[in-house]
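Read off the chains here:
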Amino acid sequence: MGELQLWLVETLSSVDAVSTLMRTRWAWPICETLHFFGLCLLFGTVGMFDLRLLGFARGIPIATLHRLVPWGVGGYCLNLLTGSLFLLTEPDQYVFNTAFHLKMLFMSLAGVNVAIFYLKLFREVKPVTAGGELPRLAKVIGGASLFFWVSVMVCGRLLTFYRPYLCDPDPGFLLNCLPYG
Amino acid sequence: MDPLFSWVESSAFSVWARESTSIFAFPTFLAGHALGMACVVGINVAVSLRLLGVTPGFPGTELKKVFPLFWVGVWLAVISGTILLIAYPTKALTNPFFYAKLVFVGLGVFQIRMIENRVLGNPDLDIPPNPKWVRLLAVSSLVCWFGVIATGRFLAYTYGRLLVSW
């Protein structure tokens, strides 16, 4: 994986326009602010929907709560954009960072969970009205979604504490240190 | 204020919160602070979208059922925030952004309390469409939380002094 990671860092760092912009005085904290607000949009809307899948607030029809989802997708896109700006500016601080690896893992799992929801469950639960019971799979998917997104957030917040140092000569399969010098 | 700051900073708890290399010290408080924020602002997002008519046609009392989670988020953020403050009192209390953040927090909590008590219990919610002041409250509460997030983030980039001794 080390070769691939090095190639990735080199490719990402070649986008000079982004890093020039991001290194201006206020760009980074402004993007972090948007990143945190995007996270709240995603967690508030998708998380609310997940709680309904788990059996809370049963008085709300599924189709009604599903109208929140586009706002969550909006928050997700905002974070994809701002997150990409961070990554393009300081690629080696993320590509060699264990917390970032885990964050990507949990984001992928959350994505798979969303796919399973729409492929296997959505058609069945969409007509469920106020007070309606949901199949057991709904609880599994709702609970998994909450767990994955909380994990994404925690890993994101822990990024700072896994900033990579220069490698000791023996890097593992997935590099979590700076292989330079 | 320096004597007070240095008294706090030299306390065993402050030193531990600041200097412990354990993942269960500073990293955990930061993660807890972020999770608290996500619950607080997230629930306000869901409530505001209801009041703005994105999710019409169900009683507001259903949203009141998730409010315990809002208060869990508030306490999580307050407790972790207090610990972070004890770890770095000079850093926060000498920065005007910190006081702006407290003002935004106060306004945000005040507005969601008003929504909880005066709006969500109303059986006529959105039939007829929500009055203008309710929509205004839905937007302005989110603006305040955005202010909390922005001032909180800027705190990390604008402090003049980190510790008394620095």
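Residues numbered from 1 in each chain as written. Chains lettered and ligands numbered in written order. Predicted model: local features only at pLDDT ≥ 70, side-chain atom pairs only at ≥ 80, totals over all residues.

Participant: An account of the overall build of chain B is needed here, citing residue identities and associated values.
Facilitator: When helices and strands are counted, chain B shows eight helices and zero strands. Counting helices and strands in the order they occur from the N terminus, chain B gives α-α-α-α-α-α-α-α. Across its three principal axes, chain B shows a C-alpha extent of roughly 60 × 30 × 20 Å. Burial status across chain B gives 38% buried among its 166 residues. Partitioning the contacts of chain B with sequence separation of at least 6, the portion at a separation of at least 24 is 88%. (Helix = DSSP H or I, 4+ residues; strand = E, 2+ residues; numbered from the N terminus. Buried ≥ 20, exposed ≤ 12 C-beta atoms within 10 Å, placed from the backbone. Contact = placed C-beta atoms within 7 Å.)

Participant: I'd like a description of the overall build of chain A, backed by residues and values.
Facilitator: Counting its regular elements, chain A contains eight helices and zero strands. Put simply, chain A runs from its N terminus to its C terminus through helices and strands in the order α-α-α-α-α-α-α-α. In terms of overall dimensions, chain A has C-alpha extents of about 65 × 35 × 25 Å along its principal axes. When burial is assessed residue by residue, chain A has 34% of its 181 residues classed as buried. Counting contacts in chain A only where the partners sit at least 6 residues apart, residues at least 24 apart contribute 77% of the total.

Participant: So what's going on with the interface of chain A and chain B? Residues and values would help.
Facilitator: When the parts come together, some accessible area is lost, and that loss is often what is quoted as the size of the interface. Listed by partner, the interface residues are 31 residues for chain A and 27 residues for chain B. Looking at the side of chain A that touches chain B, its residues break down into 22 nonpolar, six polar and three charged. (Nonpolar A, V, L, I, M, F, W, Y, C, P; charged D, E, K, R; others polar.)

Participant: So what's going on with helix α7 (residues 98-125) of chain A? Which residues, and what values?
Facilitator: Residues and elements named next belong to chain A. Between its terminal C-alpha atoms α7 stretches 37 Å, which fits the 40 Å expected from 28 residues at 1.5 Å a residue. Within α7, the axis deviates most sharply at Tyr-118, by approximately 45°. Next to the buried residues of α7 lie α6 (91-95) and α8 (136-158). (Expected span 1.5 Å × (residues − 1). Bend = angle between axes of the 7 residues up to and from the residue.)

Participant: Residue-level account of the nonpolar core, with values.
Facilitator: In summary, soluble globular proteins display a tendency toward joint burial of nonpolar side chains. Among the nonpolar cores identified, the biggest contains 78 residues, and Cys-40, Trp-149, Val-152 and Met-153 of chain A together with Ala-38 of chain B are the most heavily contacted of them. No other element matches helix α3 (residues 26-51) of chain B, which puts 15 residues into this core. Each residue touching Met-153 of chain A, except ones within four places of it in the same chain, is listed here: Leu-39 of chain A together with Ala-34, Leu-35 and Ala-38 of chain B. (Core = buried A, V, L, I, M, F, W, Y, C linked by C-beta atoms within 7 Å.)

Participant: Tell me about the packing of helix α3 (residues 27-54) of chain A against helix α5 (residues 69-89) of chain A, and please be specific about residues and values.
Facilitator: Angle between the axes and distance between the axes: these two values describe a pair of packed helices. Residues and elements named next belong to chain A. Following both chains from N to C, one finds α3 and α5 inclined at 150°, their axes separated by 8 Å at the closest point. Between α3 and α5, the interaxial angle falls into the category roughly antiparallel. You can see that α3 and α5 cross each other, and the crossing is left-handed. Residues Cys-31, Leu-34, His-35, Gly-38, Leu-39, Leu-41, Leu-42, Thr-45, Val-46 and Phe-49 of α3 touch α5, and the partners they reach there are Val-69, Trp-71, Gly-72, Gly-74, Gly-75, Tyr-76, Leu-78, Asn-79, Thr-82, Gly-83, Leu-85 and Phe-86. A breakdown of the residues in the contact of α3 with α5 according to their chemical character gives 13 nonpolar, nine polar and no charged. (Axes fitted to C-alpha atoms, helices over the stretch in contact; angles between N-to-C directions. Parallel < 35°, antiparallel > 145°, perpendicular 65-115°, else oblique. Left-handed = near helix turned anticlockwise from the far one by under 90°.)

Participant: Break down the packing of helix α7 (residues 96-119) of chain B against helix α8 (residues 132-158) of chain B for me, with residues and values.
Facilitator: Residues and elements named next belong to chain B. Where α7 contacts α8, the axes come no closer than 8 Å and their chain directions differ by 155°. In terms of their interaxial angle, α7 and α8 are classed as roughly antiparallel. Crossing angle aside, the handedness with which α7 passes α8 is left-handed. Residues that form the contact of α7 with α8 fall into these classes: 17 nonpolar, eight polar and one charged.

Participant: Which residues make up unusual backbone geometry, and what values go with them?
Facilitator: Phi is positive for Ala-57 of chain A, which is not a glycine, with a value near 50°. Mapped onto the elements, Ala-57 of chain A comes out in the loop between α3 and α4 (62-66).

Participant: How would you summarise the confidence of the model for chain B if you had to cite specific residues and measurements?
Facilitator: Across chain B, pLDDT averages 94, with 100% of residues at or above 70. The ipTM assigned to the predicted complex is 0.94, against a pTM of 0.95. (pLDDT = per-residue confidence, 0-100.)

Participant: Now, about the environment of Gln-93 of chain A: what can you tell me, with residues and values included?
Facilitator: With respect to the secondary-structure elements, Gln-93 of chain A resides in helix α6. With 56 residues separating them in the primary sequence, Gln-93 of chain A and Trp-149 of chain A have C-alpha atoms 22 Å apart.

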